[in-house]
Amino acid sequence: MATARLPDKLQFSGHETFPLRQLWLRKAYFAVAEGTSGNVFGEEAAIRRFGVGKNMVSAIRHWALASEVLEEGAGNTVQTAPLGEMLFGKHAVDPYLERPATAWLVHWMLAGMATRSTTWYWVFNRITSQSFDRNAIVLALSEVVSEKRSRVSLITLKRDVEVCLRCYLTRRDGKEVDDAAEPLLAELSLITEGPTGTFQFRRGPKPNLPDALFAFALSQFWDRWEETTGSSQNTLSFEAIAHDFGSPGRVFKLDEAAVAERLMGLEEVSDGAMIWTDSAGLRQVSRPHGRLDPRSAMKLLRRAYVR
């Protein structure tokens with residue numbers, strides 16, 4: 001099917017070449033939640049608050065927005081977002097980012113929803129081969145930029161691709177670092193590094209990916225699929241869920257067997273909001289009550305953190 005397009009707004013910068021680190025999202029949330037103004041990242045005090053340089057402060061802000069832990073307010077201000085409240089707020093499900101579900105959730109927001117992370121979407125959706133190299137990604141993205149008539153330099157694209165890949169790899173520079181300096185997404189083991197400049201995806205079942213998080217991602221993908229195609233329907237095929245651009249199957253790098261296994265438990269985990277059918281050659285998911293409203297979607301996502 002492969003109907004989903006690249007996000008309308010292309011973005012290849014904002015992270016200041018810093019991969020997302022373990023505790024940055026927590027720090028960003030509390031800086032805003034406890035701040036006296038909505039511009040805590042623009043104040044000189046931000047450097048003292050975070051204990052890092054100006055560029056890294058900008059990177060923390062970018063990652064919090066890209067992960068939808070924060071959201072933009074009026075002017076250049078930011079405010080806490082529903083995902084941030086769920087993770088770190090009054091009834092926090094993972095205040096210290098210790099649960100694998102949170103890394104999977106952030107990966108989904110970057111590579112599946114991709115409101116500020118075009119390269120992440122491209123890498124996890126448009127690359128179909130098992131192995132790939134960074135130069136091919138840069139070339140492909142430069143063609144996209146040219147087609148969109150966007151003013152993005154080749155240097156910017158190279159830096160963005162490099163940061164994207166480094167987000168998923170454990171540091172190998174030989175220096176001792178604490179866990180907080182490790183990339184948050186490295187624990188997912190979605191990408192491995194081969195010979196110089198080459199990389200490989202790790203496809204297959206993901207045991208630490210919660211079923212409820214898969215269901216939440218499927219719900220968001222379905223909503224976007226309807227918006228992209230301009231259609232509204234109460235069923236979605238197995239092929240779309242497993243293989244379409246932006247689908248959970250592609251973004252989480254699941255093989256068909258792993259997708260099918262997740263779908264078998266979908267009705268129970270979603271309280272009947274989504275139902276899997278596999279009979280008489282028909283494999284599809286139905287939504288008998290239509291789209292999940294935001295409250296129901298967050299309730300579903302919270303189930304990913306039930307021990």
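The preceding data block contains the structure.
(A) Spotlight on helix α12 (residues 256–264). Taken together, the buried positions of α12 are Ala258, Val259, Ala260, Arg262 and Leu263. Buried residues along α12 sit in contact with α9 (211–229), α10 (238–243), α11 (248–251), α13 (266–269), β7 (275–279) and β8 (282–286).

(B) Up close: the layout of surface pockets. Roughly 540 Å³ of internal volume is contained in the largest pocket. Listed by contribution, the elements that provide at least two residues to the lining of the largest pocket are β1 (70–72), α4 (82–88), α5 (100–113), α9 and α14 (294–302). At 6 residues, α9 tops the list of elements feeding residues into the lining of the largest pocket.

(C) Fine view of unusual backbone geometry. Notably, Glu16 is not glycine yet its phi reads approximately 55°, a positive angle. By the secondary structure assignment, Glu16 is in the segment before α1 (24–33). Positioned with a positive phi, Lys253 is a non-glycine residue whose angle comes to about 55°. Secondary-structure assignment places Lys253 in the loop between α11 and α12.

(D) Inspection of the sheet that holds strand β5 (residues 198–201) at higher detail. The sheet built from 3 strands is open, its strands ordered β3-β5-β4 with antiparallel pairing. If you trace the sheet from one side to the other, it starts and ends with β3 (131–133) and β4 (191–193), each paired once. Between one strand and the next, the sheet's axes are offset by a mean angle of 35°, whatever the strand orientation. Of the strand pairs in this sheet, β3 and β5 are connected by 3 bridges, and their pairing is antiparallel.

(E) Spotlight on the environment of Pro288. Along the chain, Pro288 turns up in the loop between β8 and α14. The sequence separation of Pro288 and Ala273 amounts to 15 residues, and the corresponding C-alpha distance is 6.7 Å. Those residues in contact with Pro288 that lie beyond four places of it in its chain are Gly272, Ala273 and Ile275.

What counts, and where the lines are drawn
- Residues numbered from 1 in each chain as written.
- Predicted model: local features only at pLDDT ≥ 70, side-chain atom pairs only at ≥ 80, totals over all residues.
- Heavy atoms only, no water.
- Buried < 20%, exposed > 50% of the residue type's maximum accessible area, 1.4 Å probe, protein only.
- Helix = DSSP H or I, 4+ residues; strand = E, 2+ residues; numbered from the N terminus.
- Contact = heavy atoms within 4.5 Å.
- 1 Å grid on protein atoms, 1.4 Å probe; cavity = no way out; pocket = protein on both sides within 12 Å on 5 of 7 lines; lining within 4 Å.
- Points joined across faces, edges and corners; volume = space filled by probe spheres on them.
- Pairing = 2+ DSSP bridges.
- Axes fitted to C-alpha atoms, helices over the stretch in contact; angles between N-to-C directions.

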